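Summary of the model geometry
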Amino acid sequence: MNYDGYLSRAAVMMRESAIRKMGAVSARVPDVISLAPGYPSPDTFPWQDFRHITDGLLGARDASTLQYGPTRGFRPLLDAIRGVLRGRGIEASLEELLVTTGSQQGLDLVARVLLDPGDVALVELPAYTGAMAAFRNVQAELAGVRQDADGIDLDDLDRVMASLRAEGKRVRFLYVVPNFQNPTGLLLAREKRRQLLDAARRHDILLVEDDPYGELYFSDVAEESDTRPIKADDLDGRVVYLSSFSKTLAPGYRVAWIAAPSALAAKFEIAKQATDICTGALDQRVVWQAIERGVLAAQGPRLRTVYQHKRTVMERALQQHAGGLLTWPKPRGGFFVWVTAPAAIDSEALLSRAMRHGVLFVVGSAFFVDGSGRNTLRLAFSAPSPERIEEGVRRLSAALHEELETLRQGVGSAGTSAVGTGGASSGTVTPTG
Ligand code: PMP
């Protein structure tokens, strides 16, 4: 039976995640080194603490631990999140808070509550694909705003706004990841954070600030005060702030939150009722206990050290094997190195070749709503061990040299990608991760 005629318009438009798809590829290819997914390093998970906490929770046989709970979230966890936010300079009341099942659900709720079909959501060029997928799922249009080395280009924001308004489009919000953006790793300058609030006011749009990586700053090039959220200075309620415990505790718990003006938080709550009733009760309690017992606080310095080291290893390997060919902005935190290859390189073709060398990455074009970025790639240093990062970069560089040699000989490369990752320009795949 062919089900095409049964699909909603939104379902017809849905595209598979290139990153998720690549997960399947990496499972098939033996000894492949994947620099594709932005997964946390599993050796940073506080296994022992989780075990003690879970033992305690299940041993107590409190029915609420395995029962449905309030859609807004488990009250003690909400109180603990208020404390986490205070540490970031944000004062949020309970009415302004909502626990979400991962920030990915937060993005889905934002889309459902703030976007009608045909509305415009502004995203950075490039932007996190999971957010773009959530906005596209409600049939919104996406428009891109360029970035400089210190984050979003505010002049370009003005230009894009002016041209969209001239077309009669309704622009609802700008989605930004100011701290160690996925995919570029860029940190938005302090000065620009204030200016962005002013711009949002001037253009009468909301800011959707997504901050999963803020705690992961690298002390050699950034300090905590550089990561102060825009939300901390949001005096008139323009910012919807999302954050998550996925990168600081473990993504398997799927516990995250939204801090938003209370009127919006109330709508997010209603939208959430229809998506999952509530976030997992046990998961919320484990995270709450991890905060209460100081596990989360202890993770910060540890994670910063681990990821800073991995970043250094990746940069050193890139320099050693492909220095002069590849360029990238130095990551000052987070999980990613954003690489630009020589203009002749098509990262789709490079990926095909890289796979034959046993290494995976994400093609940069996947993150561009305008289909550009053909010669860019996202490398994640978060999950593999330092040795695997080094070997992965060595393999990637071998593939790059081979590809350049083939181009030089005018033979052209394999052309179509063996994994069919498409890219924004081909319109076949929308990656998330
Ligand atoms: N936002 C950004 C910018 C991300 O990089 C991710 C994870 N890749 C998410 C949101 C989703 O995170 P989670 O749902 O695990 O909280």
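Residues numbered from 1 in each chain as written. Predicted model: local features only at pLDDT ≥ 70, side-chain atom pairs only at ≥ 80, totals over all residues. Heavy atoms only, no water.

1. Concerning the overall build of the protein
Helix and strand counts for the protein stand at 13 helices and 13 strands. For 433 residues, the compact-globule formula gives about 22 Å, and the C-alpha radius of gyration of the protein, at 22 Å, lands near that figure. C-alpha atoms of the protein, sized along the principal axes, occupy 65 × 55 × 55 Å. Counting the 433 residues in the protein, one finds 56% classified as buried. When contacts within the protein are restricted to residue pairs at least 6 apart in sequence, those whose partners lie at least 24 apart make up 76%. Surface exposure of the protein reaches about 17,900 Å², of which carbon and sulfur atoms provide 52%. Distance from the positive charge centre (50 side chains) to the negative charge centre (51 side chains) of the protein: 2 Å. (Helix = DSSP H or I, 4+ residues; strand = E, 2+ residues; numbered from the N terminus. Rg over C-alpha atoms; globule rule 2.2 N^0.38 Å. Buried < 20%, exposed > 50% of the residue type's maximum accessible area, 1.4 Å probe, protein only. Contact = heavy atoms within 4.5 Å. Areas by Shrake-Rupley, 256 points an atom, 1.4 Å probe, with all protein chains shown as cover. Lys, Arg positive; Asp, Glu negative; His and termini not counted. Charge placed at Lys NZ, Arg CZ, Asp CG, Glu CD.)

2. Remarks on the nonpolar core
One finds Phe135, Phe173 and Tyr175 to be the most contacted residues of the largest nonpolar core, which totals 83 residues. The leading source of residues in this core is helix H11 (residues 295–322), at seven residues. Of the residues that make up this core, three or more belong to each of domain 1 (10–44 + 300–408) and domain 2 (62–296). Those residues in contact with Phe173 that sit more than four places away from it in its chain are Val110, Leu114, Leu115, Val120, Ala121, Leu122, Phe135, Ile205, Leu206 and Val208. Within the second largest apolar cluster, 31 residues are counted, among which are Ala92, Leu249, Tyr253 and Val287. (Core = buried A, V, L, I, M, F, W, Y, C linked by side-chain atoms within 4.5 Å. Domains from an automatic or database assignment.)

3. Brief notes about the environment of Pro40
Among the structural elements, Pro40 can be located in the loop between strand S1 (33–34) and helix H3 (47–59). Residue classification places Pro40 among the buried positions, given a relative accessible area of 6%. Distance in space between the C-alpha atoms of Pro40 and Arg378 is 15 Å, their sequence separation being 338 residues. What Pro40 contacts, discounting residues up to four positions off in sequence, is Phe45, Ser246, Lys247, Pro251, Tyr307, Phe335, Ser382 and Ala383.

4. As for the sheet that holds strand S12 (residues 362–363)
Strand pairs in the sheet, formed through backbone hydrogen bonds, run parallel or antiparallel to each other. Strand order across the open sheet formed by three strands is S10-S13-S12, with antiparallel pairing between neighbours. Each of the sheet's edge strands pairs with one partner strand only, and the pair in question is strand S10 (336–340) and S12. Pairing between S12 and strand S13 (residues 376–380): two bridges, direction antiparallel. Across the sheet, the residue bridging to Val363 is Leu377, located in S13. (Pairing = 2+ DSSP bridges.)

5. Describing the pairing of S13
Within a regular beta strand, the side chains point alternately toward one face of the sheet and then the other, so they alternate between its two faces. Buried residues dominate S13, accounting for five of its five residues. For S10 and S13, the ladder comprises five bridges, and the chain directions are antiparallel. Its bridge partner lying in S13, Trp338 is registered against Arg378.

6. Some words on the confidence of the model for the protein
Looking at the protein as a whole, its pLDDT mean stands at 93, while 93% of the residues score no less than 70. The model gives residues 414–432 a pLDDT under 50, and that stretch makes 60 contacts with residues more than four places away or in other chains. (pLDDT = per-residue confidence, 0-100.)

7. Some remarks on the pattern of salt bridges
On inspection of all chains with the given rule, the structure shows 33 salt bridges. Between Arg170 and Asp119 there is a salt bridge; the shortest N-O distance is 3.0 Å. Highlighted residues: Arg170 in the loop between helix H7 (154–166) and strand S6 (171–176) and Asp119 in the loop between helix H5 (102–114) and strand S3 (120–125), separated in sequence by 51 residues. Look at Arg170 and you get partly exposed, because its relative accessible area is 42%. (Salt bridge = Lys/Arg side-chain N within 4 Å of Asp/Glu carboxyl O.)

8. Some remarks on helix H9 (residues 262–276)
In a regular helix each residue adds 1.5 Å, so 15 residues correspond to 21 Å; H9 covers 21 Å between its end C-alpha atoms and thus fits that length. When we look at burial in H9, the residues that qualify are Leu264, Ala265, Phe268, Ala271 and Lys272. Axial view of H9: buried residues confined to an arc of 125°, hence all on one face. For H9, exposure combined with an orientation more than 90 degrees from the buried face picks out Ala263 and Ala274. If you follow the buried residues of H9, they end up packed against strand S2 (97–100), H5, strand S7 (206–210), strand S8 (239–244) and strand S9 (256–259). Looking one or two places after H9, you find Ile277, whose phi comes out positive at around 65°. (Expected span 1.5 Å × (residues − 1). Arc of directions from axis to C-beta.)

9. Some words on the pairing of S2
Alternating positions in S2 separate into two faces, Leu97 and Val99 on one and Leu98 and Thr100 on the other, with burial throughout. Across four bridges, the pairing between S2 and S9 is antiparallel. For Thr100, the partnering residue across the bridge sits in S9 and is Ala256.

10. Points about the domain arrangement of the protein
Splitting the protein by domain gives domain 1 (10–44 + 300–408) and domain 2 (62–296). Taken together, the contact between domain 1 and domain 2 spans 27 residues of the former and 35 residues of the latter. The largest contributions to the domain 1 side of the interface with domain 2 come from Arg304, Arg332 and Val369, which together make up 28% of the buried area. Where domain 1 packs against domain 2, one counts one salt bridge. Those elements that place two or more of their residues in the side of domain 1 that touches domain 2 are H11 and S10. In terms of residue count, H11 provides more of the side of domain 1 that touches domain 2 than any other element does, six residues in total. Here the residues of the side of domain 1 that touches domain 2 sort into 16 nonpolar, five polar and six charged. (Buried area = accessible area lost by both parts, 1.4 Å probe. Nonpolar A, V, L, I, M, F, W, Y, C, P; charged D, E, K, R; others polar.)

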